Number of protein chains: 4
Amino acid sequence: FISTGGLPPASRVGELVAEAHSRFRTVELGANSTVYPALTRVPSELFGICVAGTDGEIFSVGDADREFAVMSVSKPFIFALICDLIGPTGARERLGVNATGYPFNSLTGIERSQNGRTNPMVNAGAIATTSLAPGDSMDDKWTFISEGLSRFAGRGLAVNEDVYASASETNFRNRSIAWMLASRDSIYCDPAEAVDLYTCQCALNVSARDLAVMGATLAHGGVNPITREQVVRPETCHYTLAVMLTGGLYETSGDWLYEIGLPGKSGIGGGIVTVSPGKSGLGVFSPPLDDEGNSVRGQLVAQFLSQRLGLDLLVSSPSG
Amino acid sequence: FISTGGLPPASRVGELVAEAHSRFRTVELGANSTVYPALTRVPSELFGICVAGTDGEIFSVGDADREFAVMSVSKPFIFALICDLIGPTGARERLGVNATGYPFNSLTGIERSQNGRTNPMVNAGAIATTSLAPGDSMDDKWTFISEGLSRFAGRGLAVNEDVYASASETNFRNRSIAWMLASRDSIYCDPAEAVDLYTCQCALNVSARDLAVMGATLAHGGVNPITREQVVRPETCHYTLAVMLTGGLYETSGDWLYEIGLPGKSGIGGGIVTVSPGKSGLGVFSPPLDDEGNSVRGQLVAQFLSQRLGLDLLVSSPSG
Amino acid sequence: FISTGGLPPASRVGELVAEAHSRFRTVELGANSTVYPALTRVPSELFGICVAGTDGEIFSVGDADREFAVMSVSKPFIFALICDLIGPTGARERLGVNATGYPFNSLTGIERSQNGRTNPMVNAGAIATTSLAPGDSMDDKWTFISEGLSRFAGRGLAVNEDVYASASETNFRNRSIAWMLASRDSIYCDPAEAVDLYTCQCALNVSARDLAVMGATLAHGGVNPITREQVVRPETCHYTLAVMLTGGLYETSGDWLYEIGLPGKSGIGGGIVTVSPGKSGLGVFSPPLDDEGNSVRGQLVAQFLSQRLGLDLLVSSPSG
Amino acid sequence: FISTGGLPPASRVGELVAEAHSRFRTVELGANSTVYPALTRVPSELFGICVAGTDGEIFSVGDADREFAVMSVSKPFIFALICDLIGPTGARERLGVNATGYPFNSLTGIERSQNGRTNPMVNAGAIATTSLAPGDSMDDKWTFISEGLSRFAGRGLAVNEDVYASASETNFRNRSIAWMLASRDSIYCDPAEAVDLYTCQCALNVSARDLAVMGATLAHGGVNPITREQVVRPETCHYTLAVMLTGGLYETSGDWLYEIGLPGKSGIGGGIVTVSPGKSGLGVFSPPLDDEGNSVRGQLVAQFLSQRLGLDLLVSSPSG
């Protein structure tokens, strides 16, 4: 009962990935995030692309192995781990799945919500998701989170200590969100601990290749196409991609879908992931962001490859 | 460059459509819309389902030919006609494509918007869409609208005069929306005329079969699979399905996607349409609505058939 | 059961009014309203001040007899007429009396309100107030409004036809407000007629002297201190001044009160009125407005005279 | 330059205070706050009224010396202390003075504000006010706060440890507010410390008599009429009463003003204070609250005495 279809032949995928890199590496719009000094210092010209097929083939170009802070791109993967653990009904009840219509860090979105639930792709829902990590201690919870994300990537991910330190000192808005959630019974461990775990999770280092493999895992019924490990159940992928479509690019998720037709998630570290169910994951790394906080080149690559690789979920042809 | 895959064998589709009908016809939750007397009077037990394949095969059961007011289900099809006419860039600039986070008839959503644009699936964006109908006179504009929707259905659609009369007398909120759009330069003909055209458009009668064929047209690169007429361009289907995914069920669009994984649109007349690109359109008619104003049985059928017919866009399997 | 106290001796009042004029006539900040061409064309240097004591003494300087469009300064006086007619309980039930926290022309303020009520000092509440004008025809209603306002001024007020014509062509936002009120059962005659009456009411010409007398009437238990006519009941003055304090300067009413300590109301025609219960009314006319749409010099004069004439309602002295 | 006028003769005041008590002690509407167990346990029938004249005369009846938690009634007095310290311009810049249109504990009100400022009468502005308490240590800051409030009361106020303990464990919303203020540079000491100081300040015990004297101090140019101490400057009283008028009863401040015509402030401990500049302060204590969280009998007494004692600031009489 699944969609069929696959990627074009490997040689064609390789050509298109290379073409995307050469076509967009000259685009010099946008600027690194200034939220944390450690993000501002990353060389802006770094640019890596990787496509991971569900058959395990990897197509990468440029700085695809360069590590950077995963930031918000961690959100869908943590959601997948928690949804897999407590089930899609419990996850929706505790976290919400609709668009808020408000920015990623909004308190109004929580306040307007009937029950304090938002969406796992915005900070409120993401912190609530992280607060559901099982474990009797912070260490246990962190092990769940870091090992879970590492299983998606197929290798052990480590924390970027610079980013973690900066973020810990300045995450006032996330603390406000966590206490607001607490006042509405929508956070599921100590709020200060939830913020700390979330800050740490966002500071994990990944590469474009990691993001591609992580995305490909969601495109492959929850099985990592490299390690062959079943990271989450097949149905969990459906639910994760649903919340990504709804809120992956926050209040411009509609624009993203209009342009690209695939689930995606971006982070202010310059990473972006998109998922083509049954086919592939795409990871891009390029630090300069647009005004909405999304990697400029990352979006261009995603749009180009969505069209050229035939990934767009919404396209049809009368001859097809 | 398109997704491949198709429906199960015809006999299996027929069985599943019949099973959906027998399974859900005993569900007696919800109540007819009380917005207009003409909607309240429709027999609640009416229940029709139709699947139209992109190959032109029709699978229908129950009251699939019974006519009812299309209401908001007209929105994606009018958007498709206008988007086809002025192009996706122009359509986005004039109408907006992101989720508003506010109810379908909200003025706040317009007021909060930077430029008065919303989404073609909520009333504000839908009235603005209708206001873009070409023509020097109301008659010309109406001809564009009614003939365009009729081309999607593959037959001439007629106005339900009762619904039109009731709606014309009580559409205060839509008039408020239209004048608000005017104050923000976001409506493109006389506001009172736009509301009248929109009211009339929503009062067109369709059947579940019509909705299935209309949806199948968007699933088939814009070609009506029965009449073989090219109603809109292939790429227009992508853009139309994108706005449906973002806002087709208003502020519960995330819930719909979480459950069903397909673009859909419902109306208070009891109709609901879902689209499976490359495969089929589904139309359901059952008047009783839930508290959010969506057909109870319509949603159950959509979820059942999305799973059993393998339509869900977000599912994948490690076995390929 | 009333506050006592009065103005300083007449000669001192005269001196202070003259001083206010000479002190602020060199202030050249702000700009005429650009909302209507007829407002933009008014010579910016016009500057009139008038204080009317409750004993009937008039202190005026500069262009205090020059006529200009009353615009929003009509709101408290129409409210007084309607409140006097239907009583304070009925007026509050139908119109609301709390601050909305939203701009004067906001639809969100109406949408957020539990029952569609706002405040008679913002457009929504003001249009609703006007819609309560008694009469079987537009002519009758208009007679009630124009004669009522004229009784406050103590002379017959006439419509500024230029302003009325401009406003009638461009009052889209007010039409949106009126239909929104209709959708929430918060307007009390035909919405289009209410907007027309309101537009006409705002286009009435007054002078700074008129405003002073109108204000003095509210300061004098509802008796016009010049004509000695009882325009409204004494208790109506209390209720009118209460809504002025709450919303007279829209979302900056708190700033006004912080600076001036008196009920006031401004209009984009450049007029401003303040009321000192038991003592006097103050009218100022100076077209250049600040970014919030309030007469720059008008506010300066009000603050200066509130202090120097001992009008501030919130001041006390341990020696007093 | 101040308003004149005074209270009726002492015997008449005494009669009216006694009449208010006997008239309203049979009103049994409302219910004790359930926010903290310590508030719920207070006997509901307790009922005290006190009027303190600016001449130092005290008129009290019932449980006017019974202590209860001051809660939000502390807000105007802390504002007065801080405004006196840093001046009205600095206070407005750092705290804001306009109505937010949102509930007392809203985060949306902060988020919508251009610069994170709200009003010292709602929790956000009140916590920000408290954060401006001078001192190098928590002890120093607390000394400033507790001694300042004690000077208003004319006696040393002590903390209700039960209320403080309950509140400290459950003040999640205030912590959210404090961190939100921090993210917008609108809090002026460590956010956690500000919340703790604020929680402690709200847990101070006062009596109806204390509130009357505290109010009378604001009515008497800042001089405590009993101790004759100058607690704050005369002009500080004006600014404090201005913010009380604007926000003292949160989003129903307009209703309060419509009914009573005086600055007031209520708390969920059942206390309410009103101020008549130049004349008197009124303190009432009665635990049962209405749905908005204001003492039912407190409001009735305030309205009755405002009228009968001739305190209403907005009333005038043509014969006056």
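None of these values were measured; they are calculated from a predicted model.

A. Inspection of the overall build of chain A at higher detail. Counting secondary structure elements, chain A contains 13 helices and seven strands. At 18 Å, chain A has a C-alpha radius of gyration in line with the 20 Å of a compact globule built from 320 residues. Overall, the C-alpha framework of chain A stretches about 55 × 45 × 35 Å when taken along its three principal axes. For chain A, the residues scored as buried account for 66% of the 320 residues in total. Within chain A, contacts between residues separated by at least 24 positions form 70% of all contacts whose residues are at least 6 apart in sequence. Carbon together with sulfur atoms contributes 47% to the accessible area of chain A, which is approximately 10,400 Å² in total. Across chain A, the mean location of the 23 positive side-chain charges is 4 Å away from that of the 33 negative side-chain charges.

B. Here's a closer look at the sheet that holds strand β5 (residues 264-266) of chain D. All names here are of chain D. One open sheet accounts for five strands, arranged β2-β1-β7-β6-β5; its pairing is antiparallel. Every other strand in the sheet has two partners, leaving β2 (58-62) and β5 as the edge strands with one partner each. Pairwise comparison of adjacent strand axes, ignoring direction, gives a mean angle of 10° for this sheet. Sheet topology note: the strand β1 (residues 48-53)/β2 ladder contains five bridges and is antiparallel. Directly across from Ile49, in β2, lies its bridge partner Val61.

C. Representation of the interface of chain D and chain A in the model. Chain D puts 13 residues into the contact, and the matching count from chain A is 13 residues. Taking both partners together, chain D and chain A bury about 1,300 Å²; carbon and sulfur atoms supply 59% of that area. For the chain D face of the interface with chain A, the top three residues by lost area are Glu111(D), Phe172(D) and Trp179(D), together amounting to 42%. Taken together, the links from chain D to chain A amount to two salt bridges.

D. Molecular detail of the packing of aromatic side chains. In this structure the tally under the stated criterion is 26 aromatic pairs over all chains. Here Phe77(A) and Phe152(A) contribute two aromatic rings whose centre-to-centre distance is 5.1 Å and whose plane-to-plane angle is 65°, an arrangement assigned as edge-to-face. Taken together, the positions of Phe77(A) in helix α3 (residues 74-95) and Phe152(A) in helix α6 (residues 138-153) put the pair 75 residues apart, joining distant regions of the chain. Residue classification places Phe77(A) among the buried positions, given a relative accessible area of 0%. Here Arg175(A) stacks its cationic end above the ring of Trp179(D), 4.3 Å away from the centre of that ring. In this structure, Arg112(B) packs its charged tip against the face of Tyr102(A), placed 3.7 Å from the ring centre.

E. Summary view of the nonpolar core. One finds Ile49(A), Leu305(A), Ile49(B), Leu305(B), Ile49(C), Leu305(C) and Leu305(D) to be the most contacted residues of the largest nonpolar core, which totals 420 residues. By residue number, the principal contributor to this core is α3(A), which donates nine residues.

F. View of the relation of the copies chain D and chain A. Overlaying chain D with chain A gives an RMSD of 0.0 Å, the required rotation being 180° about an axis along which the chain moves by 0.0 Å. Such a combination of turn and shift is consistent with a two-fold rotation axis. No C-alpha of chain D approaches the rotation axis more nearly than that of Ser176(D), which lies at 2.0 Å. Same-surface contact between copies: 100% of interface residues of chain D are shared with the interface of chain A.

G. Spatial organisation of helix α4 (residues 88-95) of chain B. By the burial criterion, the buried members of α4(B) are Gly90(B), Ala91(B) and Leu95(B). Projected onto a plane normal to the axis of α4(B), the buried residues spread over an arc of 105° and lie on a single side. Every exposed residue of α4(B) that faces more than 90 degrees away from the buried side is listed here: Thr89(B) and Glu93(B). Looking at the buried residues of α4(B), the elements they touch are α12 (253-260) of chain A together with α3 (74-86) and α6 (123-131) of chain B.

H. Representation of the interface of chain C and chain D in the model. Listed by partner, the interface residues are 57 residues for chain C and 57 residues for chain D. With both sides pooled, the region where chain C packs onto chain D buries about 4,700 Å², and carbon together with sulfur makes up 55% of that total. There are four salt bridges connecting chain C and chain D. Counting across the interface, chain C meets chain D through 23 residue pairs in polar contact (both at pLDDT 80 or more). Elements with a contribution of two residues or more to the side of chain C that touches chain D: α3 (74-86), α4 (88-95), α12 (234-247), α13 (253-260) and α14 (296-308) of chain C. No other element matches α12(C), which puts nine residues into the side of chain C that touches chain D. By residue class, the composition of the side of chain C that touches chain D is 28 nonpolar, 21 polar and eight charged.

I. Local environment of the domain arrangement of chain A. All names here are of chain A. Along its sequence, chain A is organised into domain 1 (10-71 + 206-308) and domain 2 (73-202). Each of domain 1 and domain 2 was reduced to a C-alpha centroid, and the two centroids are 21 Å apart. Listed per partner, the contact involves 39 residues of domain 1 and 36 residues of domain 2. Counting the surface lost from both domain 1 and domain 2, the interface buries some 3,100 Å², and carbon and sulfur atoms represent 68% of this. Where domain 1 meets domain 2, there are five salt bridges. The tally of links between domain 1 and domain 2 comes to twelve residue pairs in polar contact (both at pLDDT 80 or more).

J. Spatial organisation of the arrangement of the chains. If you take every C-alpha in chain A and every C-alpha in chain C, the smallest gap between them is 11 Å, and the two do not touch. Chain B makes no contact with chain D; the smallest distance between any of their C-alpha atoms is 11 Å.

K. Representation of the sheet that holds strand β5 (residues 264-266) of chain A. All names here are of chain A. The sheet built from five strands is open, its strands ordered β2-β1-β7-β6-β5 with antiparallel pairing. Edge positions in the sheet fall to β2 (58-62) and β5, since each has one partner strand and no second. In this sheet, neighbouring strand axes are inclined to one another by 10° on average, regardless of whether the strands run parallel or antiparallel. Of the strand pairs in this sheet, strand β1 (residues 48-53) and strand β7 (residues 280-285) are connected by six bridges, and their pairing is antiparallel. For Ala52, the partnering residue across the bridge sits in β7 and is Gly281. Those strands touched by helix α1 (residues 10-24) are β1 and β2, and its axis lies near 20° from that of β2. On the sheet, helix α10 (residues 208-218) packs against β1, β2, β6 (271-276) and β7 and is oriented at approximately 155° with respect to β7.

L. Structural detail: the environment of Gly215(B). Residue and element names in this part refer to chain B. Mapped onto the elements of the fold, Gly215 is located in helix α11 (residues 208-218). Look at Gly215 and you get buried, because its relative accessible area is 0%. A C-alpha to C-alpha distance of 9.1 Å links Gly215 and Gly264, two positions 49 residues apart in sequence. Excluding its chain neighbours within four sequence positions, the residues that come into contact with Gly215 are Phe77, Val273, Val275 and Gly281.

M. Broad picture of the pattern of salt bridges. Scanning the entire structure with this criterion turns up 44 salt bridges over all chains. One salt bridge connects Arg173(A) with Glu111(D), and the closest N-O pair in it is separated by 3.1 Å. Of this pair, Arg173(A) sits in helix α8 (residues 172-183) while Glu111(D) sits in helix α5 (residues 108-112), which puts the two residues in different chains. Overall, the relative accessible area of 18% leaves Arg173(A) in the buried class. Overlapping salt bridges, with partners in common, bring together Glu67(A), Arg155(A) and Asp210(A) in one network.

N. Structural detail: the packing of α3(B) against α6(B). Residues and elements named next belong to chain B. Interaxial distance between α3 and α6 falls to 9 Å at its minimum, and their mutual angle equals 40°. By the angle between their directions, the pair α3 and α6 is classed as oblique. Both α3 and α6 take part in a crossing whose hand is left-handed. For the pair formed by α3 and α6, the contact residues are Lys75, Ile78, Phe79 and Ile82 on the first element and Asn123, Ala126, Thr129 and Thr130 on the second. Along the lines of polarity and charge, the residues of the contact of α3 with α6 split into four nonpolar, three polar and one charged.

O. Local environment of the packing of α12(A) against α4(B). At their nearest, the axes of α12(A) and α4(B) sit 12 Å apart, and the two run at 170° to each other. With respect to α4(B), the axis of α12(A) lies roughly antiparallel. Contact residues: Asp255(A), Tyr258(A) and Glu259(A) in α12(A); Pro88(B), Ala91(B) and Arg92(B) in α4(B).

Criteria and cut-off values
Residues numbered from 1 in each chain as written. Chains lettered and ligands numbered in written order. Predicted model: local features only at pLDDT ≥ 70, side-chain atom pairs only at ≥ 80, totals over all residues. Heavy atoms only, no water. Helix = DSSP H or I, 4+ residues; strand = E, 2+ residues; numbered from the N terminus. Rg over C-alpha atoms; globule rule 2.2 N^0.38 Å. Buried < 20%, exposed > 50% of the residue type's maximum accessible area, 1.4 Å probe, protein only. Contact = heavy atoms within 4.5 Å. Areas by Shrake-Rupley, 256 points an atom, 1.4 Å probe, with all protein chains shown as cover. Lys, Arg positive; Asp, Glu negative; His and termini not counted. Charge placed at Lys NZ, Arg CZ, Asp CG, Glu CD. Pairing = 2+ DSSP bridges. Axes fitted to C-alpha atoms, helices over the stretch in contact; angles between N-to-C directions. Buried area = accessible area lost by both parts, 1.4 Å probe. Salt bridge = Lys/Arg side-chain N within 4 Å of Asp/Glu carboxyl O. Phe/Tyr/Trp six-rings, centres within 6.5 Å; stacked < 30°, edge-to-face > 60°. Lys NZ or Arg CZ within 6 Å of the ring centre and 35° of its normal. Core = buried A, V, L, I, M, F, W, Y, C linked by side-chain atoms within 4.5 Å. Least-squares fit on C-alpha atoms with pLDDT ≥ 70 in both. Arc of directions from axis to C-beta. Polar contact = N/O pair within 3.5 Å; in protein donor to acceptor, adjacent residues only side chain to side chain. Nonpolar A, V, L, I, M, F, W, Y, C, P; charged D, E, K, R; others polar. Domains from an automatic or database assignment. Parallel < 35°, antiparallel > 145°, perpendicular 65-115°, else oblique. Left-handed = near helix turned anticlockwise from the far one by under 90°.

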